[in-house]
Amino acid sequence: MSRESGFWLYAVTDSPPDMWAGLSGVAGEPVQAVQCRGLGCVTSRVPLAEFGEEALRRNLEDLDWLTVTARAHNAVIGAVARVGAVVPLRLATVYIDDERLHGMLEDRQAELTAALDRLRDRTEWGVKAYRIPVGRSEPEAGRPETGTEYLHRRRAALSASRAEDTSMHRLAWDLHGDLAALAVDSRRHPPQDPTLTGRREVMALNGSYLVEDRRAGEFTDAVAALDDTTPGLLLELTGPWPPYSFASEEGEP
Amino acid sequence: MIADQAAPEQRIALVDLLDRVLAGGVVVSGEVTLSIADVDLVHISLRTLITSVGALTSPVAAQP
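Residues numbered from 1 in each chain as written. Chains lettered and ligands numbered in written order. Predicted model: local features only at pLDDT ≥ 70, side-chain atom pairs only at ≥ 80, totals over all residues. Heavy atoms only, no water.

## Details of the packing of helix H3 (residues 63-81) of chain A against helix H2 (residues 14-21) of chain B
Next up, step 1: Taken N-terminus to C-terminus, the directions of H3(A) and H2(B) make an angle of 70°; their axes are 10 Å apart at the nearest point. Overall, the two elements H3(A) and H2(B) adopt an arrangement that is roughly perpendicular. When you trace H3(A) past H2(B), the crossing you get is left-handed. Residue-level contacts link A:Leu63, A:Leu66, A:Thr67, A:Ala70, A:Arg71, A:His73 and A:Asn74 of H3(A) to B:Leu14, B:Leu17, B:Leu18 and B:Val21 of H2(B).
Next up, step 2: Considered class by class, the residues forming the contact of H3(A) with H2(B) number seven nonpolar, three polar and one charged. (Axes fitted to C-alpha atoms, helices over the stretch in contact; angles between N-to-C directions. Helix = DSSP H or I, 4+ residues; strand = E, 2+ residues; numbered from the N terminus. Parallel < 35°, antiparallel > 145°, perpendicular 65-115°, else oblique. Left-handed = near helix turned anticlockwise from the far one by under 90°. Contact = heavy atoms within 4.5 Å. Nonpolar A, V, L, I, M, F, W, Y, C, P; charged D, E, K, R; others polar.)

## Comments concerning the packing of aromatic side chains
Residues and elements named next belong to chain A.
Next up, step 1: For the structure shown, the criterion picks out three aromatic pairs over all chains.
Next up, step 2: Judged by centre distance (5.4 Å) and plane angle (75°), the ring pair of Trp8 and Phe51 falls under edge-to-face. Pair noted here: Trp8 is in strand S1 (residues 5-13) and Phe51 is in helix H1 (residues 48-51), with a separation of 43 residues, a long-range link.
Next up, step 3: You can call Trp8 buried: its relative accessible area is 0%.
Next up, step 4: You can call Phe51 buried: its relative accessible area is 0%.
Next up, step 5: Seen from their ring centres, Tyr209 and Phe219 are 5.7 Å apart, and the 40° between their planes marks the pair as tilted. Here Tyr209, found in strand S8 (residues 203-212), pairs with Phe219, found in helix H8 (residues 216-229); they are 10 residues apart in sequence, far enough to count as distant. (Phe/Tyr/Trp six-rings, centres within 6.5 Å; stacked < 30°, edge-to-face > 60°. Buried < 20%, exposed > 50% of the residue type's maximum accessible area, 1.4 Å probe, protein only.)

## A short note on the pattern of salt bridges
Next up, step 1: Summed over the entire model, instances satisfying the criterion amount to 17 salt bridges over all chains.
Next up, step 2: Measuring nitrogen to oxygen at the nearest pair gives 3.7 Å for the salt bridge that ties A:Glu164 to A:Arg131. Pair noted here: A:Glu164 is in helix H6 (residues 147-180) and A:Arg131 is in strand S6 (residues 122-131), with a separation of 33 residues, a long-range link. Here the two residues A:Glu164 and A:Arg131 agree in accessibility, since each one is buried.
Next up, step 3: One salt bridge in this structure joins A:Asp185 and A:Arg187, with 3.3 Å as the shortest N-O distance.
Next up, step 4: For A:Asp185, a relative accessible area of 26% translates into the label partly exposed.
Next up, step 5: A:Arg187 gets classed as buried once you look at its relative accessible area, which sits at 8%.
Next up, step 6: Each of A:Lys128, A:Arg199, A:Glu201, A:Glu236 and B:Asp16 takes part in one network of salt bridges that share partners. (Salt bridge = Lys/Arg side-chain N within 4 Å of Asp/Glu carboxyl O.)

## Notes on the pairing of strand S2 (residues 31-36) of chain A
Regular strands have side chains that alternate between both faces of the sheet.
All names here are of chain A.
Next up, step 1: Where S2 lies against strand S3 (residues 39-47), six bridges are found, and the strand directions are antiparallel. From the neighbouring strand, Val31 faces S3, where its bridge partner is Ser44.
Next up, step 2: In sequence, S2 turns back onto S3 through a hairpin of two residues, with Arg37 there showing a positive phi of about 50°. (Pairing = 2+ DSSP bridges.)

## Looking at the sheet that holds strand S7 (residues 185-188) of chain A
Residues and elements named next belong to chain A.
Next up, step 1: Strand order in the open sheet formed by four strands is S7-S8-S6-S9, and the pairing between neighbours is antiparallel. Strand pairing shows two members of the sheet lacking a second neighbour, S7 and strand S9 (233-241), which therefore form its edges. Averaged over all pairs of adjacent strands, the angle between their axes in this sheet comes to 20°, without regard to strand direction.
Next up, step 2: Two elements, S6 and S9, share seven bridges in a ladder whose sense is antiparallel. In the sheet register, Ala129 faces S9, and the bridge partner there is Leu235.

## A closer look at the state of the cysteines
Next up, step 1: Inspection of the entire model under this criterion finds zero disulfides over all chains.
Next up, step 2: Between A:Cys36, a free cysteine, and A:Cys41, which holds the nearest cysteine sulfur, the sulfur-to-sulfur gap is 9.4 Å. (Disulfide = S-S within 2.5 Å.)

## Quick word on the confidence of the model for chain B
Residue and element names in this part refer to chain B.
Next up, step 1: Residues of chain B with pLDDT of at least 70 account for 28%, and the chain-wide mean is 60.
Next up, step 2: By mean pLDDT, helix H1 (residues 6-9) is the weakest element of chain B at 43, and H2 is the strongest at 88.
Next up, step 3: Under a pLDDT of 50 for its full length, residues 1-10 has, in the predicted model, 15 contacts with residues more than four places off or in other chains.
Next up, step 4: Below a pLDDT of 50 lies the segment residues 57-64, which in the model reaches three contacts outside its immediate sequence neighbourhood of four places, other chains included.
Next up, step 5: Two numbers describe this predicted complex: its pTM, 0.83, and its ipTM, 0.84. (pLDDT = per-residue confidence, 0-100.)

Structure, rendered in structure tokens:
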């Protein structure tokens, strides 16, 4: 027996569905609730021709599809997060029947409820730091006269760039520590590829911080202040985000 | 109630979004969930992204 549609999962919440059901989600499908034991699973019915395992594999490699789908996923979770606590689910989680979906919600009810309580009234903020290239004073001008001199200069240049790296890493860790002190939890994501950031500068920090909503202003002010007072690093704030990076208790790799 | 949800989304850089929706979020097992079946999901998508963006701008120097 083959099925034609499945459930795309956005998030789990305990806020009433009338606050968010009917939004438009991935593939333009309406958002609906699957309720189970006080938990609401935010879902859309999606055609398996586009969202089945094989189709998903193919579509995830299609940038346009990925862009539209990731944005729709995020828009729904963001809207639900504005009205209550939310545990985001990873992109591309599809169930092919609601019986199994209910089963999952039952099995993981305690864990999901605990996660909702942990994330309630808290928001994720992103802070990226780029290294500002230091105007390195040109080493001795002119061509090296001897091989020894060449090697000497080469070694000096290498050690200068290594020292710069070390100091950048130290600055980034200090910065991360300062930001984490204002947050209830924090994560470091891998630095982004320069091709994607559109910036030439090296990314020293790609952090996420889970901040109490009442301290949001304090946090964003601190980012602005640290940007002014951290020489050598340029800071960029993103967010507010639904708490993607903190949905699981263990640190993400 | 929930208005203007589309507007701010446009300002979000895709790369920041993918950092979060592909690597974050709770992982549950479904019948079709790629999130657990494919540890390489992030990898694949970022490669797609880098290749596409690279093709639009200049060739990536360090690409093997």
